[in-house]
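Notes for the structure review
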Amino acid sequence: MAVPVSQAWTVASYVLKQKLKGRKRYPLVLMLEPLFRCNLACAGCGKIQYPAHILKAELTPEECFKAVEECGTPMVAIPGGEPLLHPKMPEIVAGLVARKKYVYMCTNALLLKEKLHLFKPSKYLSFSVHVDGQKEHHDFAVCREGGHDIAMEGVRAAVAAGFRVTTNTTLFDGADPNSVRRHFDELMSAGVESMMVSPGYTYDKAPDQKHFLGRARSKKLFRAILSNRKKSWQFNASPMFMEFLMGKKDLKCTPWGMPTFSIFGWQKPCYLLQDGYADTFRELMETVEWSNYGTESGNPRCANCMVHSGYEASGVNYTFGSLKGMLETARAMFFGSYKDNGAMKLLNEWKPAQHGPLVQIAAAQQSNELQGVSGD
Amino acid sequence: MATEAQEAAKIEQLAHANPDEIEVAAGREKEQLEGWIPSLASEAETREALEKAFDYRGDITITRKDGTKVEGYLFDRRSGATLESSYARVIPTNSPEKVNVAYSDIAALAFSGRDTAAGKTFEAWVKKYWEKKAAGEKNIQIEPEKLD
(Lines give C-alpha, C1' and ligand atoms only; values in the text may rest on other atoms or scores of the structure.)
Protein backbone atom coordinates (compact mmCIF):
# COMPACT_ATOMS: atom_id res chain seq x y z
CA MET A 1 0.00 0.00 0.00
CA ALA A 2 1.20 3.52 -0.78
CA VAL A 3 -0.44 4.83 2.40
CA PRO A 4 -1.04 3.21 5.80
CA VAL A 5 -4.15 1.02 5.97
CA SER A 6 -5.63 3.27 8.66
CA GLN A 7 -5.40 6.27 6.33
CA ALA A 8 -6.89 4.39 3.38
CA TRP A 9 -9.74 3.23 5.63
CA THR A 10 -10.33 6.73 7.05
CA VAL A 11 -10.49 8.28 3.58
CA ALA A 12 -12.68 5.51 2.13
CA SER A 13 -15.15 5.69 5.00
CA TYR A 14 -15.24 9.51 4.80
CA VAL A 15 -16.03 9.41 1.07
CA LEU A 16 -18.67 6.71 1.46
CA LYS A 17 -20.26 8.67 4.32
CA GLN A 18 -20.50 11.76 2.09
CA LYS A 19 -22.09 9.68 -0.65
CA LEU A 20 -24.59 8.10 1.74
CA LYS A 21 -25.50 11.58 2.96
CA GLY A 22 -26.18 12.46 -0.66
CA ARG A 23 -23.69 15.34 -0.67
CA LYS A 24 -23.04 16.36 -4.25
CA ARG A 25 -20.00 18.47 -3.43
CA TYR A 26 -17.63 17.60 -0.65
CA PRO A 27 -13.94 18.37 -0.11
CA LEU A 28 -11.27 15.69 0.16
CA VAL A 29 -8.14 17.54 1.26
CA LEU A 30 -7.83 20.96 2.86
CA MET A 31 -4.97 22.96 1.39
CA LEU A 32 -3.91 25.05 4.35
CA GLU A 33 -1.57 27.89 3.43
CA PRO A 34 -0.39 29.42 6.70
CA LEU A 35 2.03 31.82 4.94
CA PHE A 36 3.20 32.82 1.47
CA ARG A 37 6.86 33.59 2.08
CA CYS A 38 9.42 31.14 0.79
CA ASN A 39 13.17 30.57 0.79
CA LEU A 40 13.11 29.73 -2.93
CA ALA A 41 11.97 31.77 -5.92
CA CYS A 42 11.01 29.13 -8.50
CA ALA A 43 10.29 30.19 -12.08
CA GLY A 44 7.11 28.11 -12.28
CA CYS A 45 5.60 29.31 -9.00
CA GLY A 46 2.84 31.89 -8.83
CA LYS A 47 2.32 31.72 -5.08
CA ILE A 48 4.98 33.98 -3.64
CA GLN A 49 4.53 37.25 -5.51
CA TYR A 50 3.15 39.60 -2.88
CA PRO A 51 4.22 42.82 -1.16
CA ALA A 52 6.44 42.40 1.90
CA HIS A 53 3.68 43.05 4.46
CA ILE A 54 1.66 40.18 2.97
CA LEU A 55 4.68 37.85 2.87
CA LYS A 56 5.33 38.61 6.52
CA ALA A 57 1.74 37.77 7.53
CA GLU A 58 0.84 34.28 8.72
CA LEU A 59 -2.10 32.34 10.10
CA THR A 60 -2.17 31.64 13.83
CA PRO A 61 -2.50 28.03 15.01
CA GLU A 62 -6.05 28.85 16.16
CA GLU A 63 -7.00 30.15 12.70
CA CYS A 64 -5.61 26.95 11.18
CA PHE A 65 -7.56 24.72 13.56
CA LYS A 66 -10.77 26.66 12.95
CA ALA A 67 -10.40 26.22 9.18
CA VAL A 68 -9.77 22.50 9.58
CA GLU A 69 -12.87 22.08 11.75
CA GLU A 70 -14.99 24.10 9.30
CA CYS A 71 -13.91 22.09 6.31
CA GLY A 72 -14.00 18.66 7.94
CA THR A 73 -11.69 16.80 5.55
CA PRO A 74 -9.76 13.78 6.81
CA MET A 75 -6.56 15.02 5.16
CA VAL A 76 -4.81 18.38 5.42
CA ALA A 77 -1.99 19.44 3.12
CA ILE A 78 0.11 22.38 4.25
CA PRO A 79 1.69 24.10 1.24
CA GLY A 80 2.78 27.72 1.17
CA GLY A 81 5.23 29.44 0.73
CA GLU A 82 7.54 27.30 2.77
CA PRO A 83 5.74 26.07 5.90
CA LEU A 84 8.99 25.51 7.81
CA LEU A 85 9.49 29.30 7.83
CA HIS A 86 6.39 29.62 10.04
CA PRO A 87 7.62 29.88 13.65
CA LYS A 88 4.57 28.01 14.97
CA MET A 89 4.53 25.21 12.41
CA PRO A 90 5.38 22.48 14.98
CA GLU A 91 2.42 23.66 17.09
CA ILE A 92 0.12 23.70 14.05
CA VAL A 93 1.16 20.20 12.98
CA ALA A 94 0.87 18.84 16.54
CA GLY A 95 -2.63 20.34 16.82
CA LEU A 96 -3.74 18.71 13.58
CA VAL A 97 -2.25 15.36 14.55
CA ALA A 98 -4.11 15.59 17.88
CA ARG A 99 -7.29 16.04 15.85
CA LYS A 100 -6.41 12.83 13.98
CA LYS A 101 -6.03 14.57 10.65
CA TYR A 102 -3.66 13.03 8.12
CA VAL A 103 -1.21 15.86 7.53
CA TYR A 104 0.99 16.30 4.47
CA MET A 105 3.43 19.06 5.33
CA CYS A 106 4.75 20.23 1.96
CA THR A 107 8.30 21.51 2.07
CA ASN A 108 11.23 22.20 -0.22
CA ALA A 109 13.25 20.60 2.60
CA LEU A 110 15.96 23.26 2.68
CA LEU A 111 15.29 23.58 6.42
CA LEU A 112 13.98 20.08 7.09
CA LYS A 113 17.11 18.54 8.58
CA GLU A 114 17.67 21.35 11.06
CA LYS A 115 13.99 21.56 12.10
CA LEU A 116 13.25 17.85 12.28
CA HIS A 117 13.65 17.70 16.06
CA LEU A 118 10.66 20.05 16.41
CA PHE A 119 8.29 17.35 15.09
CA LYS A 120 7.32 13.89 16.35
CA PRO A 121 6.93 10.90 14.03
CA SER A 122 3.29 9.85 13.71
CA LYS A 123 1.15 7.83 11.34
CA TYR A 124 -0.81 11.07 10.90
CA LEU A 125 2.19 13.11 9.73
CA SER A 126 4.02 12.91 6.43
CA PHE A 127 6.61 15.34 5.13
CA SER A 128 5.74 15.88 1.49
CA VAL A 129 9.04 16.98 0.01
CA HIS A 130 9.01 18.89 -3.25
CA VAL A 131 11.62 17.35 -5.54
CA ASP A 132 11.12 18.22 -9.19
CA GLY A 133 13.40 15.61 -10.71
CA GLN A 134 16.98 14.46 -10.80
CA LYS A 135 19.64 16.86 -9.58
CA GLU A 136 19.95 19.07 -12.65
CA HIS A 137 16.22 19.12 -13.34
CA HIS A 138 15.35 20.00 -9.76
CA ASP A 139 18.01 22.69 -9.43
CA PHE A 140 16.81 24.17 -12.71
CA ALA A 141 13.15 24.13 -11.65
CA VAL A 142 13.80 25.74 -8.27
CA CYS A 143 16.38 28.14 -9.73
CA ARG A 144 18.96 27.16 -7.16
CA GLU A 145 22.12 25.18 -7.66
CA GLY A 146 22.55 22.59 -4.93
CA GLY A 147 18.86 22.63 -3.97
CA HIS A 148 18.42 18.97 -4.88
CA ASP A 149 21.24 17.75 -2.64
CA ILE A 150 19.93 19.67 0.37
CA ALA A 151 16.38 18.40 -0.23
CA MET A 152 17.54 14.79 -0.50
CA GLU A 153 19.62 15.20 2.65
CA GLY A 154 16.41 16.32 4.36
CA VAL A 155 14.53 13.33 2.95
CA ARG A 156 17.14 10.88 4.23
CA ALA A 157 17.29 12.52 7.64
CA ALA A 158 13.50 12.39 8.01
CA VAL A 159 13.34 8.75 6.88
CA ALA A 160 16.14 7.86 9.32
CA ALA A 161 14.30 9.61 12.16
CA GLY A 162 11.23 7.44 11.54
CA PHE A 163 8.98 9.95 9.78
CA ARG A 164 6.68 9.16 6.92
CA VAL A 165 8.17 10.89 3.88
CA THR A 166 6.42 11.35 0.55
CA THR A 167 7.49 13.44 -2.42
CA ASN A 168 5.84 15.80 -4.82
CA THR A 169 7.16 16.32 -8.35
CA THR A 170 5.79 18.98 -10.70
CA LEU A 171 6.69 18.67 -14.37
CA PHE A 172 6.85 21.46 -16.95
CA ASP A 173 7.47 21.51 -20.68
CA GLY A 174 11.02 20.26 -21.11
CA ALA A 175 10.70 17.41 -18.62
CA ASP A 176 12.57 14.30 -19.73
CA PRO A 177 10.55 11.14 -19.03
CA ASN A 178 13.65 8.94 -18.91
CA SER A 179 15.13 11.18 -16.27
CA VAL A 180 11.84 11.26 -14.34
CA ARG A 181 11.85 7.44 -14.22
CA ARG A 182 15.42 7.46 -12.88
CA HIS A 183 14.25 10.10 -10.40
CA PHE A 184 11.54 7.70 -9.15
CA ASP A 185 14.19 5.01 -8.65
CA GLU A 186 16.33 7.43 -6.64
CA LEU A 187 13.41 8.51 -4.46
CA MET A 188 12.35 4.95 -3.67
CA SER A 189 15.98 4.04 -2.87
CA ALA A 190 16.07 6.95 -0.43
CA GLY A 191 13.24 5.28 1.50
CA VAL A 192 10.28 7.50 0.64
CA GLU A 193 6.88 5.97 1.31
CA SER A 194 5.30 7.13 -1.94
CA MET A 195 5.50 9.75 -4.66
CA MET A 196 3.13 12.25 -6.15
CA VAL A 197 3.58 13.64 -9.65
CA SER A 198 1.62 16.31 -11.46
CA PRO A 199 1.90 18.55 -14.53
CA GLY A 200 2.50 22.24 -13.84
CA TYR A 201 -0.34 24.66 -14.33
CA THR A 202 -0.34 28.07 -16.04
CA TYR A 203 0.05 30.28 -13.01
CA ASP A 204 -0.65 33.79 -14.22
CA LYS A 205 1.91 35.27 -11.88
CA ALA A 206 4.71 32.79 -12.52
CA PRO A 207 7.86 34.39 -13.94
CA ASP A 208 7.98 31.71 -16.64
CA GLN A 209 4.95 31.99 -18.92
CA LYS A 210 6.28 29.94 -21.83
CA HIS A 211 6.75 26.41 -20.59
CA PHE A 212 3.39 25.21 -19.32
CA LEU A 213 2.42 21.78 -20.57
CA GLY A 214 -0.65 21.59 -22.76
CA ARG A 215 -2.96 18.63 -22.22
CA ALA A 216 -1.74 16.76 -25.31
CA ARG A 217 1.88 16.96 -24.23
CA SER A 218 1.00 16.16 -20.62
CA LYS A 219 -0.71 12.94 -21.68
CA LYS A 220 2.23 11.97 -23.91
CA LEU A 221 4.72 12.71 -21.16
CA PHE A 222 2.81 10.83 -18.47
CA ARG A 223 2.12 7.89 -20.76
CA ALA A 224 5.88 7.62 -21.29
CA ILE A 225 6.64 7.97 -17.59
CA LEU A 226 3.91 5.89 -15.99
CA SER A 227 3.54 3.00 -18.47
CA ASN A 228 5.72 -0.10 -18.06
CA ARG A 229 5.79 0.76 -14.39
CA LYS A 230 8.33 -0.69 -12.01
CA LYS A 231 7.00 -2.69 -9.07
CA SER A 232 9.21 -0.76 -6.69
CA TRP A 233 7.46 2.53 -7.44
CA GLN A 234 4.79 3.56 -4.94
CA PHE A 235 2.54 6.48 -5.75
CA ASN A 236 0.61 8.69 -3.43
CA ALA A 237 -2.22 9.29 -5.86
CA SER A 238 -5.50 7.82 -6.92
CA PRO A 239 -4.88 5.16 -9.63
CA MET A 240 -7.71 6.73 -11.63
CA PHE A 241 -6.02 10.15 -11.52
CA MET A 242 -2.85 8.56 -12.82
CA GLU A 243 -4.77 6.91 -15.66
CA PHE A 244 -6.21 10.34 -16.41
CA LEU A 245 -2.68 11.78 -16.65
CA MET A 246 -1.73 8.98 -19.03
CA GLY A 247 -4.70 9.80 -21.26
CA LYS A 248 -6.43 6.52 -20.46
CA LYS A 249 -9.40 8.02 -18.68
CA ASP A 250 -11.53 11.16 -18.95
CA LEU A 251 -12.25 12.88 -15.69
CA LYS A 252 -14.07 16.14 -15.05
CA CYS A 253 -12.49 18.65 -12.70
CA THR A 254 -13.62 18.71 -9.08
CA PRO A 255 -12.69 22.30 -8.20
CA TRP A 256 -14.12 22.02 -4.68
CA GLY A 257 -12.17 18.82 -3.95
CA MET A 258 -9.16 20.57 -2.43
CA PRO A 259 -10.26 23.93 -1.03
CA THR A 260 -7.60 26.41 0.06
CA PHE A 261 -7.50 28.55 3.19
CA SER A 262 -4.92 31.31 3.66
CA ILE A 263 -4.51 34.70 5.34
CA PHE A 264 -7.00 36.06 2.78
CA GLY A 265 -9.73 33.51 3.64
CA TRP A 266 -11.21 30.67 1.56
CA GLN A 267 -9.90 30.97 -1.98
CA LYS A 268 -12.48 31.02 -4.78
CA PRO A 269 -12.69 28.67 -6.59
CA CYS A 270 -9.64 26.43 -6.09
CA TYR A 271 -5.98 26.09 -5.13
CA LEU A 272 -4.78 27.34 -8.51
CA LEU A 273 -7.22 30.06 -9.50
CA GLN A 274 -7.91 33.23 -7.58
CA ASP A 275 -11.32 34.72 -8.18
CA GLY A 276 -11.72 36.22 -4.73
CA TYR A 277 -12.15 34.98 -1.19
CA ALA A 278 -14.98 33.79 1.05
CA ASP A 279 -14.93 34.35 4.80
CA THR A 280 -16.30 30.91 5.64
CA PHE A 281 -16.12 27.47 4.06
CA ARG A 282 -19.89 27.44 3.76
CA GLU A 283 -19.83 30.77 1.92
CA LEU A 284 -17.20 29.33 -0.44
CA MET A 285 -19.32 26.32 -1.29
CA GLU A 286 -22.52 28.32 -1.72
CA THR A 287 -21.31 31.40 -3.60
CA VAL A 288 -18.94 30.02 -6.22
CA GLU A 289 -20.50 29.38 -9.63
CA TRP A 290 -18.82 25.99 -9.96
CA SER A 291 -20.01 25.46 -13.52
CA ASN A 292 -17.66 28.28 -14.59
CA TYR A 293 -14.60 26.14 -13.83
CA GLY A 294 -12.98 23.02 -15.22
CA THR A 295 -11.86 22.27 -18.76
CA GLU A 296 -15.38 21.46 -19.87
CA SER A 297 -16.55 24.95 -18.81
CA GLY A 298 -14.62 26.60 -21.65
CA ASN A 299 -12.90 28.91 -19.14
CA PRO A 300 -9.53 29.67 -20.80
CA ARG A 301 -7.82 29.69 -17.43
CA CYS A 302 -8.80 26.05 -16.89
CA ALA A 303 -7.92 24.87 -20.40
CA ASN A 304 -4.62 23.12 -19.73
CA CYS A 305 -5.22 22.08 -16.15
CA MET A 306 -4.68 18.42 -15.27
CA VAL A 307 -3.36 19.13 -11.80
CA HIS A 308 -3.92 16.88 -8.82
CA SER A 309 -5.75 19.58 -6.87
CA GLY A 310 -8.54 19.50 -9.45
CA TYR A 311 -8.50 15.89 -10.58
CA GLU A 312 -7.26 13.77 -7.68
CA ALA A 313 -10.64 14.16 -6.00
CA SER A 314 -12.27 13.32 -9.34
CA GLY A 315 -10.29 10.08 -9.39
CA VAL A 316 -11.37 9.21 -5.85
CA ASN A 317 -14.95 10.11 -6.68
CA TYR A 318 -14.82 7.85 -9.74
CA THR A 319 -13.53 4.98 -7.61
CA PHE A 320 -16.33 5.27 -5.09
CA GLY A 321 -19.01 6.28 -7.59
CA SER A 322 -19.84 2.79 -8.86
CA LEU A 323 -18.93 -0.87 -8.64
CA LYS A 324 -17.18 -0.45 -12.00
CA GLY A 325 -15.03 2.33 -10.51
CA MET A 326 -14.07 0.17 -7.55
CA LEU A 327 -13.20 -2.79 -9.77
CA GLU A 328 -11.14 -0.64 -12.13
CA THR A 329 -9.27 0.84 -9.18
CA ALA A 330 -8.62 -2.55 -7.64
CA ARG A 331 -7.35 -3.85 -10.97
CA ALA A 332 -5.08 -0.81 -11.33
CA MET A 333 -3.73 -1.24 -7.80
CA PHE A 334 -2.99 -4.93 -8.01
CA PHE A 335 -2.21 -5.50 -11.68
CA GLY A 336 -1.47 -2.03 -13.05
CA SER A 337 2.00 -2.20 -14.55
CA TYR A 338 0.54 -0.71 -17.77
CA LYS A 339 2.64 -2.61 -20.28
CA ASP A 340 2.73 -0.45 -23.39
CA ASN A 341 5.12 -0.88 -26.33
CA GLY A 342 4.10 2.48 -27.76
CA ALA A 343 5.09 4.16 -24.51
CA MET A 344 8.44 2.38 -24.60
CA LYS A 345 8.97 3.74 -28.11
CA LEU A 346 8.10 7.22 -26.86
CA LEU A 347 10.72 6.85 -24.13
CA ASN A 348 13.38 5.66 -26.53
CA GLU A 349 12.72 8.41 -29.03
CA TRP A 350 12.16 11.31 -26.62
CA LYS A 351 14.21 14.35 -27.58
CA PRO A 352 15.25 16.63 -24.74
CA ALA A 353 13.85 20.16 -25.05
CA GLN A 354 16.11 23.05 -25.97
CA HIS A 355 15.35 24.95 -22.79
CA GLY A 356 15.50 21.89 -20.52
CA PRO A 357 17.78 21.53 -17.56
CA LEU A 358 20.92 23.56 -17.37
CA VAL A 359 23.21 20.91 -18.81
CA GLN A 360 21.13 20.89 -21.98
CA ILE A 361 21.23 24.64 -22.21
CA ALA A 362 25.00 24.35 -22.06
CA ALA A 363 24.94 22.69 -25.45
CA ALA A 364 22.86 25.49 -26.86
CA GLN A 365 25.19 28.01 -25.32
CA GLN A 366 28.17 26.68 -27.23
CA SER A 367 26.82 28.44 -30.27
CA ASN A 368 26.39 31.61 -28.24
CA GLU A 369 22.67 31.54 -28.88
CA LEU A 370 21.95 32.87 -25.43
CA GLN A 371 24.00 36.02 -25.91
CA GLY A 372 21.02 37.82 -27.34
CA VAL A 373 18.51 36.82 -24.65
CA SER A 374 17.32 39.81 -22.71
CA GLY A 375 16.96 39.81 -18.97
CA ASP A 376 15.89 42.10 -16.19
CA MET B 1 -10.20 37.10 -12.11
CA ALA B 2 -8.67 38.41 -15.24
CA THR B 3 -9.90 40.59 -18.04
CA GLU B 4 -10.27 39.30 -21.60
CA ALA B 5 -7.31 41.41 -22.69
CA GLN B 6 -5.13 39.73 -20.07
CA GLU B 7 -6.26 36.30 -21.21
CA ALA B 8 -6.00 37.11 -24.93
CA ALA B 9 -3.24 34.59 -25.64
CA LYS B 10 -5.20 31.71 -24.12
CA ILE B 11 -8.46 32.75 -25.76
CA GLU B 12 -6.70 32.98 -29.15
CA GLN B 13 -5.12 29.56 -28.65
CA LEU B 14 -8.44 27.96 -27.75
CA ALA B 15 -10.12 29.54 -30.78
CA HIS B 16 -7.92 27.37 -32.98
CA ALA B 17 -7.29 24.25 -30.94
CA ASN B 18 -9.08 21.71 -28.85
CA PRO B 19 -7.75 21.89 -25.25
CA ASP B 20 -6.90 18.19 -25.47
CA GLU B 21 -4.72 18.77 -28.53
CA ILE B 22 -2.61 21.63 -27.18
CA GLU B 23 1.10 20.86 -26.78
CA VAL B 24 2.25 23.98 -24.92
CA ALA B 25 -0.34 26.06 -23.15
CA ALA B 26 -0.31 29.79 -23.73
CA GLY B 27 0.71 31.92 -20.80
CA ARG B 28 -0.12 35.50 -20.24
CA GLU B 29 1.25 38.79 -21.47
CA LYS B 30 2.29 40.96 -18.57
CA GLU B 31 0.64 44.35 -18.35
CA GLN B 32 2.62 47.31 -17.10
CA LEU B 33 0.32 48.49 -14.34
CA GLU B 34 2.86 49.80 -11.84
CA GLY B 35 2.36 53.54 -11.36
CA TRP B 36 -0.92 53.52 -13.32
CA ILE B 37 -3.63 55.93 -12.20
CA PRO B 38 -6.78 54.86 -14.02
CA SER B 39 -9.54 57.19 -14.95
CA LEU B 40 -12.67 56.32 -12.98
CA ALA B 41 -14.96 58.53 -15.04
CA SER B 42 -17.58 55.87 -15.73
CA GLU B 43 -18.96 52.83 -13.95
CA ALA B 44 -17.36 50.54 -16.56
CA GLU B 45 -13.95 52.16 -16.08
CA THR B 46 -14.24 51.87 -12.31
CA ARG B 47 -15.14 48.19 -12.48
CA GLU B 48 -12.38 47.43 -15.00
CA ALA B 49 -9.77 49.28 -12.93
CA LEU B 50 -10.73 47.48 -9.72
CA GLU B 51 -10.66 44.15 -11.52
CA LYS B 52 -7.09 44.92 -12.58
CA ALA B 53 -6.27 46.07 -9.05
CA PHE B 54 -7.48 42.69 -7.78
CA ASP B 55 -5.20 40.97 -10.26
CA TYR B 56 -2.23 43.23 -9.42
CA ARG B 57 0.46 41.79 -7.14
CA GLY B 58 1.60 45.08 -5.62
CA ASP B 59 0.05 47.53 -3.19
CA ILE B 60 -2.49 50.07 -4.38
CA THR B 61 -3.67 53.37 -2.90
CA ILE B 62 -7.35 54.22 -2.74
CA THR B 63 -8.41 57.81 -2.07
CA ARG B 64 -11.94 58.01 -0.76
CA LYS B 65 -14.33 60.81 -1.67
CA ASP B 66 -13.94 62.20 1.88
CA GLY B 67 -10.20 62.58 1.24
CA THR B 68 -9.00 59.70 3.43
CA LYS B 69 -6.61 57.16 1.93
CA VAL B 70 -6.12 53.42 2.21
CA GLU B 71 -2.80 52.01 1.04
CA GLY B 72 -2.41 48.25 0.93
CA TYR B 73 -2.94 45.00 -0.92
CA LEU B 74 -6.32 44.61 -2.62
CA PHE B 75 -6.87 40.89 -2.03
CA ASP B 76 -10.53 40.68 -3.04
CA ARG B 77 -13.43 42.58 -4.53
CA ARG B 78 -17.13 41.89 -4.42
CA SER B 79 -18.99 42.97 -7.49
CA GLY B 80 -22.63 43.90 -6.87
CA ALA B 81 -25.36 45.24 -9.13
CA THR B 82 -24.42 48.85 -8.34
CA LEU B 83 -21.25 50.68 -7.33
CA GLU B 84 -22.79 51.16 -3.88
CA SER B 85 -23.13 47.41 -3.42
CA SER B 86 -19.69 46.62 -4.86
CA TYR B 87 -16.63 46.89 -2.67
CA ALA B 88 -12.90 46.41 -2.61
CA ARG B 89 -11.27 44.47 0.23
CA VAL B 90 -7.84 45.67 1.26
CA ILE B 91 -5.20 44.59 3.78
CA PRO B 92 -3.49 47.90 4.64
CA THR B 93 0.30 48.14 4.74
CA ASN B 94 0.20 49.17 8.40
CA SER B 95 -2.44 46.80 9.79
CA PRO B 96 -3.53 43.19 9.37
CA GLU B 97 -7.22 44.14 9.60
CA LYS B 98 -9.19 43.76 6.39
CA VAL B 99 -10.80 47.01 5.22
CA ASN B 100 -13.83 47.24 2.89
CA VAL B 101 -14.24 50.24 0.59
CA ALA B 102 -17.41 50.66 -1.48
CA TYR B 103 -16.70 51.36 -5.16
CA SER B 104 -18.99 54.37 -4.90
CA ASP B 105 -16.74 55.89 -2.21
CA ILE B 106 -13.62 55.74 -4.36
CA ALA B 107 -12.43 59.06 -5.77
CA ALA B 108 -9.04 57.84 -7.04
CA LEU B 109 -7.05 54.67 -7.43
CA ALA B 110 -3.30 54.37 -7.92
CA PHE B 111 -1.18 51.27 -8.56
CA SER B 112 1.35 52.74 -6.17
CA GLY B 113 3.34 49.71 -5.02
CA ARG B 114 5.92 47.75 -6.97
CA ASP B 115 4.51 44.91 -9.09
CA THR B 116 6.04 41.90 -7.35
CA ALA B 117 5.16 39.60 -10.27
CA ALA B 118 7.01 41.67 -12.87
CA GLY B 119 10.48 41.56 -14.32
CA LYS B 120 11.75 38.14 -13.29
CA THR B 121 11.67 36.25 -16.52
CA PHE B 122 12.80 32.72 -16.99
CA GLU B 123 15.12 33.83 -19.78
CA ALA B 124 16.73 36.30 -17.41
CA TRP B 125 17.43 33.49 -14.92
CA VAL B 126 19.04 31.33 -17.61
CA LYS B 127 21.17 34.23 -18.86
CA LYS B 128 22.27 35.18 -15.36
CA TYR B 129 23.04 31.55 -14.57
CA TRP B 130 25.48 31.29 -17.47
CA GLU B 131 27.07 34.65 -16.75
CA LYS B 132 27.70 33.61 -13.14
CA LYS B 133 28.87 30.17 -14.17
CA ALA B 134 31.36 31.70 -16.61
CA ALA B 135 32.60 33.94 -13.79
CA GLY B 136 33.29 30.83 -11.70
CA GLU B 137 30.52 31.39 -9.14
CA LYS B 138 29.12 28.47 -7.15
CA ASN B 139 25.67 27.89 -5.63
CA ILE B 140 23.96 30.11 -8.19
CA GLN B 141 20.35 30.89 -7.44
CA ILE B 142 17.49 33.35 -7.63
CA GLU B 143 17.21 34.74 -4.13
CA PRO B 144 13.76 35.37 -2.67
CA GLU B 145 13.19 39.04 -2.02
CA LYS B 146 14.32 40.55 1.26
CA LEU B 147 11.33 41.43 3.41
CA ASP B 148 12.88 44.20 5.50
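Attention shifts here to the overall build of chain B. Within chain B one finds three helices and six strands. The order of α-helices and β-strands along chain B, N terminus first, is α-β-α-β-β-β-β-β-α. Taken over C-alpha atoms, the radius of gyration comes to 19 Å for chain B, far larger than the 15 Å a tight globule of 148 residues would show. Overall size of chain B, expressed as C-alpha extent along the three principal axes, is 60 × 45 × 25 Å. A total of 148 residues make up chain B; the buried ones form 44% of that total. The contacts of chain B with a sequence gap of at least 6 include a subset with a gap of at least 24, amounting to 48%. A total accessible area of about 7,600 Å² is found for chain B, and carbon and sulfur atoms account for 51% of it.

Bringing the packing of aromatic side chains into the picture now. By the definition in use, this model includes 22 aromatic pairs over all chains. Both rings, one in tyrosine 50 of chain A and one in tyrosine 73 of chain B, keep their centres 5.4 Å apart while their planes meet at 80°; by these two values the pair is edge-to-face. In this pair, tyrosine 50 of chain A sits in the loop between strand S1 (29–32) and helix H2 (52–56) while tyrosine 73 of chain B sits in strand S3 (residues 69–78), so the two residues belong to two different chains. Classification of tyrosine 50 of chain A by relative accessible area gives buried; the value is 4%. Chaining the aromatic ring pairs together yields one cluster made of Phe36, Tyr50, Phe264 and Tyr277 of chain A together with Tyr73 and Phe75 of chain B. Its end group placed over the ring of phenylalanine 65 of chain A, arginine 99 of chain A keeps NZ or CZ at 4.1 Å from the ring centre. Positioned above the aromatic ring of phenylalanine 54 of chain B, the side-chain terminus of arginine 77 of chain B is 3.9 Å from the ring centre.

All names here are of chain B. Among the 10 residues that make up S3, eight are buried, leaving the element largely enclosed by the rest of the structure. Bridge count for strand S2 (residues 60–64) against S3 is four bridges, and the pairing is antiparallel. Bridge pairing links isoleucine 60 to glycine 72 in S3. Hairpin connection between S2 and S3: a loop of four residues separates the two successive antiparallel strands, and glycine 67 in this loop has a positive phi of roughly 95°. Summarising the sheet, S3 and strand S4 (residues 87–92) pair through six bridges and their orientation is antiparallel.

Bringing the pairing of strand S3 (residues 102–107) of chain A into the picture now. Consecutive side chains along a regular strand alternate between the two faces of the sheet. Residues and elements named next belong to chain A. For S3, the buried fraction is high: six of the six residues fall into the buried class. What you see with S3 is no split at all: Tyr102, Tyr104 and Cys106 on one side and Val103, Met105 and Thr107 on the other are buried throughout. Relative to S3, strand S2 (residues 75–78) runs parallel, the two being bridged by four bridges. The residue bridging alanine 77 from the neighbouring strand is tyrosine 104, located in S3. Once the chain exits S2 it traverses helix H4 (residues 89–98) before rejoining the sheet at S3, and the crossover so formed is right-handed.

For chain B, mean pLDDT is 90; residues scoring 70 or higher make up 97% of the total. The complex model carries a pTM of 0.91, and its ipTM stands at 0.91.

Phe127 and Phe264 of chain A are the most contacted members of the largest nonpolar core, which has 110 residues in total. Ignoring anything within four residues of it in the chain, the contact list for phenylalanine 127 of chain A reads Met105, Leu112, Leu116, Phe119, Ala158, Phe163, Arg164, Val165 and Thr166 of chain A. Within the second largest apolar cluster, 18 residues are counted, among which are Ala49, Ala53, Ile60 and Leu74 of chain B.

Let us look at the packing of helix H3 (residues 61–71) of chain A against H4 of chain A. Residues and elements named next belong to chain A. Where H3 meets H4, the axes come as close as 9 Å, and the angle between the chain directions of the two elements is 30°. On the basis of the axis angle, H3 is roughly parallel to H4. Handedness of the crossing formed by H3 with H4: right-handed. Along its contact with H3, which presents Pro61, Glu62, Cys64, Phe65 and Val68, the element H4 presents Glu91, Ile92, Gly95 and Leu96. For the contact of H3 with H4, the per-class residue count stands at six nonpolar, one polar and two charged.

Definitions and limits used
- Residues numbered from 1 in each chain as written.
- Chains lettered and ligands numbered in written order.
- Predicted model: local features only at pLDDT ≥ 70, side-chain atom pairs only at ≥ 80, totals over all residues.
- Heavy atoms only, no water.
- Helix = DSSP H or I, 4+ residues; strand = E, 2+ residues; numbered from the N terminus.
- Rg over C-alpha atoms; globule rule 2.2 N^0.38 Å.
- Buried < 20%, exposed > 50% of the residue type's maximum accessible area, 1.4 Å probe, protein only.
- Contact = heavy atoms within 4.5 Å.
- Areas by Shrake-Rupley, 256 points an atom, 1.4 Å probe, with all protein chains shown as cover.
- Phe/Tyr/Trp six-rings, centres within 6.5 Å; stacked < 30°, edge-to-face > 60°.
- Lys NZ or Arg CZ within 6 Å of the ring centre and 35° of its normal.
- Pairing = 2+ DSSP bridges.
- Right-handed = clockwise from strand over helix to strand, strands pointing away.
- pLDDT = per-residue confidence, 0-100.
- Core = buried A, V, L, I, M, F, W, Y, C linked by side-chain atoms within 4.5 Å.
- Axes fitted to C-alpha atoms, helices over the stretch in contact; angles between N-to-C directions.
- Parallel < 35°, antiparallel > 145°, perpendicular 65-115°, else oblique.
- Left-handed = near helix turned anticlockwise from the far one by under 90°.
- Nonpolar A, V, L, I, M, F, W, Y, C, P; charged D, E, K, R; others polar.

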